[in-house]
Amino acid sequence: MRKTAPFFLLAFVAWTCQKHPAGIENIQIKGSDTEVNLVLALAERFMEQEPKASIAVTGGGSGTGIAALLNGKTSIANASRPMDSTERQMAEQRGIHPLALVIGIDALAIVVHKDNPIDRLNLSEIGRIFSGEIHNWAQIGGPRQEISLYGRQSNSGTFLFFREKVVQADYSPHLKQMNGTAQLVEALSTDPAGIGYAGIGYLAQPEKNHTDAFKVIRITAGPGSSAYSPFEYADVASGRYPITRPLYQYVNATPQGALLDFLLFAFGPEGQAIVRQNGYYPIAREQYAENLRQLHAETANE
Amino acid sequence: MKISATRADKLATVVFQFSAWLSVVVLAGIFTLLLYNGFKAFDRIRPQEFFLGYTWNPSGYSAPHYGVLSLLGSTLLVTCGAMVIAIPLGIGTAAYLSESAPPRVYQILKPVIELFAGIPSVALGFIGITILSPVLAHVFGLSNGLIALNGAILLALMALPTIITVSEDAIRAVPKTFREASFAVGATRETTLWRVTLPAAMSGIITAVMLGFGRALGETMTVLMATGNALAFPGGFFEPVRTMTAAIAIELGETAQHTTHYYALFAVGALLFAISLLVNILSETIARRFRYSQS
């Protein structure tokens, strides 16, 4: 045993130091927690077809992914929000030319506990709930109970998107900031006074969630008008369901080889089928053309 | 080549002297770094806003706010809550273990308690979310259990092994003659424990408590997961809170370097360091006083 121990140690060191065999292309993808499961599914299918590519997908939030792209730490940044002006400025300073490719459409669902009698709200009510102006369910016709707010942390693209689009003010300081969407949904399914938001992909896969423990709110344009659900593709595509957003993949200009192939795969027909399977919605035809234009325009430049 | 015993001795002395000094240097380095970066925050934030402000919201919608009081209040609330639970339990358990536990029981309890110290804080945080939170919600009639009390209970669990182990050693170190003298004048076991053994072990027990306090004060992952991280000033044990450690852990990852927010987080870190330093100095002074009065 005493003689074999150093041998194992050496073998372990050799194993950790090994390089991938020649010809394998490593692709790092980092960012949005909303997109992480979807992109993982895309990467797995792509690797089946393209054994020479090795793709690693991690989450951490859109801000984290974009920061990693700017620091040269990742090939692709997943982001559920567009880059902001400071991020663009930093990219310019560092000589990075990010292309914004859209790989799918997300509808943000408003989620409450299954026992909550309220099943429809309008956008302004939702905004006022999250800013703390409406703080008791009784104010909007529910039971007399303080509203318990759930959201994400400030490094989340969803946190910023939802604030810009719906709240348009600071979140209530009583908002509980959860580590990830999984934790948020877990907490909501046990909190009868809770309300929170989550990407539709998280709720659309029944095998992953106890869908009977929470309820997705239908959104109306105003009092008396009809209500729309984020589960209806037609309503999401037409914009009648109001809280939708593109899911981005940011990549530095002129991707080549397996990286380019993967990007084309993701927003191509096969990738879009996977997007659908994961509960998100496919991109429109114009967006497809726009993605192609960005990639080809940039690849043609070289 | 063979190294003679004296040379080996010398070598070992040099190596360990070096590592001892290294820890001093590293500690001083950390403190300097925290202070240096922390002070830079006050180029852009007025000190009275930082130290007297109740609103911590660096990524605010209209303007950033850097008031540390709600974070400080949350940290003190959760830590002191943990101590209220852990101190009596910890010292009581230590007294039981050293004074009256049968050897068989002791042989089971002791390793289990020591093993408890090794539970990763992430695992405890997970227990806080999935088990403790619904239980607390049910017991206190709340809609959810992601509250300060949840964090305090978990931190008490984390501080307990330290408090128990160190106090037990302190109680065991009290000379047998003390107890025998007490029994000889007719004192019961209880009286002996309360009036003789515990006071004699007090300096060690205070050290134990302070170590436990430090453990709870600096703990990050557990409170981050279990207490809801709301930014509001804590209104009590049944409200969600965001501690200083959780704020640093959550926000540093998305903060661009050399921004106001970045330096403000260093200032929070420096404040936390200062608090734990103060607690250490205080406990050292108190412990020393007990040591002198005992002899």
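What counts, and where the lines are drawn
- Here the residue numbering is sequential within each chain, running from 1 through the sequence in written order.
- Whichever chain is written first is A, and whichever ligand is written first is 1; the rest continue in order.
- The model is predicted, so local features are restricted to residues of pLDDT at least 70 and side-chain atom pairs to those at 80 or more, both for listing and for counting; the totals for chains, interfaces and linings are taken over all residues.
- To get the side-chain values, take all heavy atoms of the structure and skip hydrogens and water.
- Two rings belonging to Phe, Tyr or Trp (six-membered ring only in the last case) form a pair when the distance between their centres is within 6.5 Å. Interplanar angles under 30 degrees mark stacking, angles over 60 mark edge-to-face geometry, and anything in between is tilted.
- Strands here are runs of E lasting at least two residues and helices are runs of H or I lasting at least four, both read from the DSSP assignment and numbered beginning at the N terminus.
- Classification of residues uses two cut-offs on accessible area relative to the type maximum, computed with a 1.4 Å probe and protein chains only: under 20% is buried, over 50% is exposed, and between them is partly exposed.
- The criterion is that NZ of a Lys, or CZ of an Arg, lies within 6 Å of the ring centre and within 35 degrees of the ring normal, and then a charge sits over that ring.
- What is meant by a nonpolar core is a set of buried Ala, Val, Leu, Ile, Met, Phe, Trp, Tyr and Cys residues, joined one to another through side-chain atoms within 4.5 Å.
- Each domain's extent was defined by an automatic or database domain assignment.
- Note on contacts: a residue pair qualifies if any of its non-hydrogen atoms lie within 4.5 Å across the two residues.
- The rule for pairing is simple: two strands pair if DSSP sees at least two bridges between them.
- Any pair of N or O atoms that falls within 3.5 Å is considered a polar contact. Within protein, one atom must be able to donate a hydrogen and the other to accept it, and sequence-neighbouring residues count only if both atoms are side-chain atoms.

Peer 1: Can you lay out the packing of aromatic side chains for me, pointing to particular residues and giving the numbers?
Peer 2: For the coordinates displayed, the defined rule picks out 19 aromatic pairs over all chains. Between B:Phe140 and B:Phe238, the aromatic rings sit 4.8 Å apart at their centres with planes inclined by 50 degrees, giving tilted as the arrangement. Placement of B:Phe140 in helix 5 (residues 121-140) and of B:Phe238 in the loop between helix 10 (221-226) and helix 11 (244-252) is noted, with a sequence separation of 98 residues between them. A relative accessible area of 40% means that B:Phe238 is categorised as partly exposed. With centroids separated by 5.2 Å and ring planes inclined at 65 degrees, the aromatic side chains of B:Tyr262 and B:Phe266 adopt a geometry described as edge-to-face. Here B:Tyr262 and its partner B:Phe266 are both found in helix 12 (residues 260-294), four residues apart, which amounts to about one turn of the helix. An aromatic cluster is present here, built from B:Phe39, B:Phe42, B:Phe50 and B:Phe51 joined pairwise through their rings. Here the basic side chain of A:Arg245 rests over the ring of A:Phe161, its NZ or CZ set 5.3 Å away from the ring centre. We note A:Arg276 situated over the ring of A:Tyr233; from NZ or CZ to the ring centre the distance is 5.5 Å.

Peer 1: Hey, could you go over the nonpolar core for me, with residue numbers and the actual values?
Peer 2: One finds A:Ile110, A:Ile129, A:Phe130, A:Phe162, A:Ile195, A:Ile243 and A:Phe262 to be the most contacted residues of the largest nonpolar core, which totals 88 residues. The biggest single contributor to this core is strand 4 (residues 98-113) of chain A, with eleven residues. The two domains that each donate at least three residues to this core are domain 1 (25-105 + 246-301) and domain 2 (106-244) of chain A. If we skip the residues at most four places from it in the chain, A:Phe130 touches A:Leu149, A:Tyr150, A:Phe162, A:Val167, A:Tyr171, A:Ser172, A:Leu175, A:Ile195, A:Gly196 and A:Tyr197. Counting residues in hydrophobic clusters, the runner-up holds 54 residues, among them B:Leu124, B:Leu136, B:Met158 and B:Leu231.

Peer 1: Requested: an account of helix 10 (residues 257-267) of chain A, with residues and values cited.
Peer 2: The element helix 10 of chain A is largely enclosed, with a buried count of eight among its eleven residues. Along helix 10 of chain A, the positions that sit buried rather than exposed are A:Ala258, A:Leu259, A:Leu260, A:Phe262, A:Leu263, A:Phe265, A:Ala266 and A:Phe267.

Peer 1: Could you give an account of the sheet that holds strand 5 (residues 120-122) of chain A, naming the residues involved and the relevant values?
Peer 2: Residues and elements named next belong to chain A. Strand order in the open sheet formed by three strands is 5-10-11, with mixed pairing between adjacent strands. Of all the strands in the sheet, just strand 5 and strand 11 (227-228) have a single pairing partner and so form its edges. Pairing of strand 10 (residues 218-220) with strand 11, which is carried by two bridges, proceeds in the antiparallel orientation. Bridge assignment links Ile219 to a residue of strand 11, and that residue is Tyr228.

Peer 1: Go over the side chain of B:Asn144, please, and point to the residues and values.
Peer 2: Within the secondary structure layout, B:Asn144 lies in the loop between helix 5 and helix 6 (148-172). Judged by its relative accessible area of 10%, B:Asn144 falls in the buried class. Of note is the side chain of B:Asn144, whose polar atom sits 2.9 Å from the side chain of A:Asp191. Of the polar contacts made by the side chain of B:Asn144, one reaches the side chain of B:Ser143; its length is 3.2 Å.

Peer 1: Any chance you could break down the environment of B:Ala184 for me, citing the residues and the numbers?
Peer 2: As for its placement among the helices and strands, B:Ala184 is situated in helix 7 (residues 176-184). In this structure, the C-alpha to C-alpha distance between B:Ala184 and B:Thr130, residues 54 residues apart in sequence, is 53 Å.

Peer 1: Residue-level account of unusual backbone geometry, with values.
Peer 2: Most peptide bonds are trans, and most residues other than glycine sit at a negative phi. We note that A:Gln168 has phi near 50 degrees; this positive angle belongs to a residue other than glycine. By the element assignment, A:Gln168 lies in the loop between helix 6 (157-167) and strand 7 (176-178). In this model, B:Asn229 sits at a positive phi of 60 degrees, which is unusual for a non-glycine residue. Looking at where B:Asn229 falls in the secondary structure, it is placed in the loop between helix 10 and helix 11.

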